[in-house]
Structures are given as C-alpha cells and as structure tokens.
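Observations on the model geometry
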Amino acid sequence: ANLTDPSTLVIRSHTSSACMQPLEQSVPTGCKANISDDKYYIDVDLTKYNREEGWKFDVKSETFQARHWAVVQPCGALGCPGDDCGDSTGATVWICRDKPDGSNTCADYGLYRNAISVESFKPSSIQSGLSIIYKGSSNRNSHIRVQCNWTGSPGELVFSDNLDITSGGISLYAFTKDVCV
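Given the structure is predicted, the values throughout are model-derived calculations rather than measurements.

For the rest of this paragraph, the subject is the pattern of salt bridges. With the rule as written, the count across this model stands at five salt bridges. Between R67 and D58 there is a salt bridge whose closest N-O contact spans 3.0 Å. Between R140 and D108 there is a salt bridge, with the nearest N and O atoms lying 3.0 Å from each other. With a gap of 32 residues between them, R140 in the loop between strand 10 (125-134) and strand 11 (141-148) and D108 in strand 8 (residues 104-108) connect regions that are remote in the sequence. Taken together, the shared-partner salt bridges connect D58, R67 and D98 into one network.

Here we come to the side chain of T176. Position of T176 relative to the elements: it lies in strand 14 (residues 169-176). A distance of 3.3 Å separates a polar side-chain atom of T176 from the backbone nitrogen of D178.

The next point concerns the nonpolar core. One finds L46, V118, I144 and L172 to be the most contacted residues of the largest nonpolar core, which totals 32 residues. In this structure, L46 is in contact with G30, C31, P74, C75, I116, V118, I132 and Y134, ignoring residues within four places of it in sequence. Counting nine residues, the second largest nonpolar core, distinct from the first, contains A91, C96, C106 and L111.

Thresholds applied
Residues numbered from 1 in each chain as written. Predicted model: local features only at pLDDT ≥ 70, side-chain atom pairs only at ≥ 80, totals over all residues. Heavy atoms only, no water. Salt bridge = Lys/Arg side-chain N within 4 Å of Asp/Glu carboxyl O. Helix = DSSP H or I, 4+ residues; strand = E, 2+ residues; numbered from the N terminus. Polar contact = N/O pair within 3.5 Å; in protein donor to acceptor, adjacent residues only side chain to side chain. Core = buried A, V, L, I, M, F, W, Y, C linked by side-chain atoms within 4.5 Å. Buried < 20%, exposed > 50% of the residue type's maximum accessible area, 1.4 Å probe, protein only. Contact = heavy atoms within 4.5 Å.

Below is the structure:
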C-alpha cells in the first residue's frame, strides 16, 4: 500500500480469482429426445452434431439487402461470432449481417441457457422430419426443420441457405440421414 497524498491510499493486489474464467454451462433441457409415431422411432441427441466453431453458412431471405450468415450449435453455447453481438453471449443460433463499413453484427435467435424443444414436424408422422425450437432474447426465436437426406452421412447436417422470417423469429432448414425412417 502507498499513501500518495494525505487523503489517498493506493492498494495493489494480485489474485487469479479476478481473471476471466470460462463459464461452466450444463446441457440445456431438450438436447436429447425420443420421438415416435405409430410406426417409427427416432432417438435424438443434438450434442452429437456440435462442432467446435458451430455450423456456419450463408442465408438468404427476400427482406435481406446485405449478406447474412448463420452460425448454429445444435446443443451448445457459441460466443459472439461477429464484431458486435450487443449484450448477447452463449447462443445456440446466431444470425449475422455484414455492414457497409466492412464490420458485421450478430443477434441471438436461441440462447443456450433456454430450454430446447425437439418434436415431430407433423405430430401424426415423424417421416416429415423433426422441429427443433430455440428461444432467444427479445422474442427472437428460431425453428429448425430437420428433414431426411438418404445420401448424407450419419452425424452430418446439411443446412439450406433459405431463411424464412416469421412473427416469432426465423425458420431454418437442415437435412441429415439420422432422421430417415
């Protein structure tokens, strides 16, 4: 400690507890599900689709003027993939756009801490694929429809570049052999 003047005492200290630490995050509810109908059964484990940097792909919509891209981690947290993500951290779905100045901004459409819902796209038949619903902040939710792709490899997702804007957020489309029945 140093007394710099009669009214100021400067105290310096070092401790590792003041350093940035990665957050321990548990797996959100809904990453694993058993979906069935009268004839078929699909055992879903979204964690097997996680990648270190997530699944990054360009997306297009009638309303977009600038380049937009998505980053999806089916059941895991991804930090901000762009230059500016506002106050959001740890999302499962990010939608980003390029700005005229060369930077980009991203918004969460599925926060990792929120529950994930996996269900049959059509309740009467799982042959139509699955719906994965992520809840983001500020009513920005995402719905990913996962459909059969017989030519794909197990554990692989192929995302379409189509993005639909809905009243509750966005819809994305993915394909995998793992939901084929």
